[in-house]
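Residue-level listing of the chains:
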Amino acid sequence: MTASSDRLLRRTLWANAILSVGSGAVLAALATPLAKMATHAPLQVLGLDLAIVLEVLGLGFVAFGAVCGWVASRPEMPLGWARAIFLLDASWVAISAVILMLPASWTLAGIAGIVVVALIVADLAILEYLGLRRISTAH
């Protein structure tokens, strides 16, 4: 792997790290007001109030972002971890689509939030895929 072959993936993972840590911190800090804005009625997910789910999700984003930063910072990038990040991002997009199809009373703000985040994550996943592909063809 050369510096030029991994540049796209490395930069994308850094962007993913920054976006994940930043948005995760905001989500964890503002979970209750965001949950109230997202639905017309209180929503339970797996028996938990949506605000608690959003707070835990936000903390998970921070941890995920830390992993993205760690992978991007390695002199020799661990491609298995990079592939796992790509798969998690692609899964996030698919799960977002499923969530929008569930019978929940999402507000327009809730729908917009889910869609915007899914589109950003989809962009990152596409760039990760292209970066991984570029590295595999460089070998």
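Analysis parameters
Residues numbered from 1 in each chain as written. Predicted model: local features only at pLDDT ≥ 70, side-chain atom pairs only at ≥ 80, totals over all residues. Heavy atoms only, no water. 1 Å grid on protein atoms, 1.4 Å probe; cavity = no way out; pocket = protein on both sides within 12 Å on 5 of 7 lines; lining within 4 Å. Points joined across faces, edges and corners; volume = space filled by probe spheres on them. Helix = DSSP H or I, 4+ residues; strand = E, 2+ residues; numbered from the N terminus. Nonpolar A, V, L, I, M, F, W, Y, C, P; charged D, E, K, R; others polar. Salt bridge = Lys/Arg side-chain N within 4 Å of Asp/Glu carboxyl O. Buried < 20%, exposed > 50% of the residue type's maximum accessible area, 1.4 Å probe, protein only. Core = buried A, V, L, I, M, F, W, Y, C linked by side-chain atoms within 4.5 Å.

Here we look at the layout of surface pockets
The space that makes up the largest pocket amounts to roughly 1,300 Å³. No other element matches helix 5 (residues 108-138), which puts eight residues into the lining of the largest pocket. The residue inventory of the lining of the largest pocket, partitioned by class, reads 28 nonpolar, nine polar and one charged.

Thoughts on the pattern of salt bridges
By the definition in use, this model includes one salt bridge. D6 is the salt-bridge partner of R10, the closest N and O atoms lying 2.6 Å from each other. A residue pair is termed a helical-turn pair when its members lie 3 or 4 positions apart in one helix, as R10 and D6 do in helix 1 (residues 3-29) at four residues. By relative accessible area, which is 18% here, R10 ends up buried.

A word on the nonpolar core
With 15 residues, the main nonpolar core has L9, L13, V71, A82, I85 and L132 as its most contacted residues. Looking at this core, the elements that each hand over two or more residues are helix 1, helix 3 (50-73), helix 4 (79-101) and helix 5. A35, A38, L54 and F61 belong to the second largest nonpolar core, which has 10 residues in total.

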